[in-house]
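Chain residues, written in single-letter form:
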Amino acid sequence: MMEAKTKDLWVFVETDRTGAARNVGIELLSPGRELADKQGGKLTAVVVGYHTEAAVQEAGEHGADQILVVDSPEYKEYSTDAYVEVLTQLIEKYGPLSVLIGATPNGRDMGPRVSCRLRTGLTADCTGLDIDSETNLVIWTRPTFGGNLMAQIQCPEHRPQMGTVRPGVFKKSEPQENHAEIIREEIRIAPEKIRTRVLEVIRELGGENVDLESAQIIVAGGRGVGGPQGFAPIRELAEALGGAVGASRACVDSGWISHAHQVGQTGKTVGPKLYIACGISGAIQHTAGIAGSEKIIAINSDPNAPIFDMADYCVVGDLFEILPALTKEIRSRKAENKAPEEQASASQKPVWAENPLGVCHIEMIPPKHASVKLEEDLALFREKFERYMEAGFIASVTDNAMANLAFQLTEVVEAMGLKPRPDQVLIHLNTFHQKEELDRILETARSQGIRNFLTITGDGSDKMHKLLPEELEAEDVAVTTSVELIRYIRRHYPEFILGAAFNPYEPPEHEFAKLKRKLEAGASYVITQPIIGRNEQIDRLVREYPDLPVVVEIWMSKKLYLLSDIFGEPIPEDAPYDPFETRKEVLAAYPGYGNYLALLGYKTQYPQIEQEFSK
């Protein structure tokens, strides 16, 4: 039996495969701070993973006195053997008094195994934490008997005291100045000790990934919605508020909505700023899961519904009358309250933003300068371009300024006398241009009536010319990115409509920070990298920017392995892939957003797309 060597309290900060901290570990630093102070010890964050700099920084900003870091390639992917071994070794070496672990799939797997090795207890799935003033023991509170009772558990004899805590129960503290002491431990696990390894990561096409734990607003439906169709007004209101859709267990058990939306003791414990309960009676299993909400609005036709006992605002009435009226009023208020600069920005949104599903962006690659069959290539380009214009599609023409391998669209339009329709042409424009060439493209596009651009930061060879910051009148940066390109175009060509690229495979804290800068610079819509199903970061994108026009790219080539670099993982060349099935699933996952078809087969696939839109 292990003895505690310190009075310290540890919080295990779980990381994802990019090395960033998952929310639950940072959330647990809040109660951890209070418990550590009562125990009379330090608050220590334990960070295990690979390239964990961002997680370490975040742990320090949220109150850790000390951070133990184990950073090595074998910890990039979670494995039971590696993580159990490293956490056990750390606990045996330092001897903390208490350990908190998030009750995630990984935490629920790792926690019991570590406690078993240490011959101590573990209280699972806790929703409350405190210190007994008389015994100085942790009081672990967790639901029992299906959530009908709350049990309080203590571990008086064995150390460390351990427990897993549900995500969303506690809120992150406000970031503060980082004064944490960082201790780096070199713990290497022999390959033969890791009995399992990740061979392939399979994304569930069309599957739902609902981030209820971090949602600031949740609109939830209960048995009172009457069936699957009853969630339509719930979704409408959630979209208007920029929130997520929740549900009670009764709805999930009835098959009206997926388990990903379930809130409560047997679902997800949440703590949003606003929780709107629609047709939810208020059983203890559900109310225990929403107790951390700052404000609760309950809408129910039964004036005696138990949910009203804990709600801050109570509305007695028919949700099918109340929700549409509320949604309409919220949308109206949002339109009226837009700042002048936001209204100006709205006027710069593309025409297709009013009806994103009424059109389709089709990628076009212009002919290469060195083509041995240039006349044939140009003739085919003309045929495609004119056919897309006539059918009402948007021709999205790629930019290849790298070593002038391909023609610019403006050159082809000029040379061949093509007639672009202003709102049916999108030019990709990257930072690999000479300044004179950039201005020529923009001036020619203006004269041709083309006004839609997708700005992209070039990331190719250093041998290629890249626009210098001073060439774009930027003095505060060392390297030119799409942000500087957007600002330059916005200053000199204010009539142009500018879009930004969004990469859902980059670390989210970096990609969303970049997106914010692009939007502040003047971008008014987004086109994503290719996805092959529902995507967690795009879910967050449309949730946080509900009014931003988004076009989701769909990979139409059967050569899925070409996306290996984008996905950041190898894809076998013989990987089965059905582009049309993927398109169907993506459109179902994001029904209110446009789609961009990359590498569409003109002879084999385009006729089906044209037929679909001609109906």
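No experiment lies behind these values; they were computed from the predicted model shown. (Residues numbered from 1 in each chain as written. Predicted model: local features only at pLDDT ≥ 70, side-chain atom pairs only at ≥ 80, totals over all residues. Heavy atoms only, no water.)

Asks: Would you mind going over unusual backbone geometry with me for this structure?
Replies: What you tend to see is this: most non-glycine residues have negative phi, and most peptide bonds are trans. The omega angle of the peptide bond from arginine 159 to proline 160 is 0 degrees, so this bond is cis rather than trans. Its location among the elements puts proline 160 in the loop between strand E8 (149-153) and strand E9 (161-165). Positive phi, normally seen in glycine, also occurs at arginine 119, with a value near 55 degrees. Position of arginine 119 among the secondary structure elements: in the loop between helix H4 (105-118) and strand E5 (122-126). Located in the positive-phi region is glutamate 473, a residue other than glycine, with phi close to 65 degrees. Relative to the helices and strands, glutamate 473 is located in the loop between strand E19 (452-456) and helix H13 (482-492). Given the relative accessible area of 43%, glutamate 473 is considered partly exposed. (Helix = DSSP H or I, 4+ residues; strand = E, 2+ residues; numbered from the N terminus. Buried < 20%, exposed > 50% of the residue type's maximum accessible area, 1.4 Å probe, protein only.)

Asks: What should I look at first to understand the nonpolar core in this one?
Replies: Burial of nonpolar side chains together is a common tendency in soluble globular proteins. Judged by nonpolar contacts, the single largest core of 80 residues is most densely connected at Phe385, Leu409, Leu442 and Ile489. If we ignore the near neighbours within four places in the chain, the residues touching phenylalanine 385 are Met364, Ala395, Leu409, Leu418, Lys419, Pro420 and Val425. In this structure, Leu28, Leu35, Ala64 and Ala180 belong to the second largest nonpolar core, which totals 27 residues. (Core = buried A, V, L, I, M, F, W, Y, C linked by side-chain atoms within 4.5 Å. Contact = heavy atoms within 4.5 Å.)

Asks: Would you mind showing me how to read the sheet that holds E19 here?
Replies: Strands sit in the order E16-E17-E18-E19-E20-E21-E22-E23 around a closed barrel of eight strands; the barrel is parallel. Pairs of neighbouring strands in the sheet enclose a mean axial angle of 30 degrees, with direction left out of account. By the bridge criterion, five bridges tie strand E18 (residues 425-430) to E19 in an arrangement that is parallel. Paired with histidine 428 across the two strands is leucine 454, which belongs to E19. Each of strand E16 (361-364), strand E17 (394-397) and E18 is contacted by helix H10 (residues 374-391), which is oriented at about 170 degrees to E16, the strand it contacts most. Against the sheet, helix H14 (residues 508-521) touches strand E20 (497-502) and strand E21 (525-531), its axis set at about 175 degrees to E20. (Pairing = 2+ DSSP bridges. Axes fitted to C-alpha atoms, helices over the stretch in contact; angles between N-to-C directions.)

Asks: Explanation requested: a nonpolar patch on the surface in the structure shown.
Replies: Taken together, Ile365, Leu562 and Leu599 make up a surface patch of nonpolar side chains, about 250 Å² in accessible area. By the secondary structure assignment, leucine 599 is in the loop between strand E23 (594-598) and helix H18 (606-614). A relative accessible area of 33% places leucine 599 in the partly exposed class. (Patch = residues over 30% accessible without salt bridge, like charges linked within 9 Å, V, L, I, M, F, W, Y side chains within 5 Å. Areas by Shrake-Rupley, 256 points an atom, 1.4 Å probe, with all protein chains shown as cover. Salt bridge = Lys/Arg side-chain N within 4 Å of Asp/Glu carboxyl O.)

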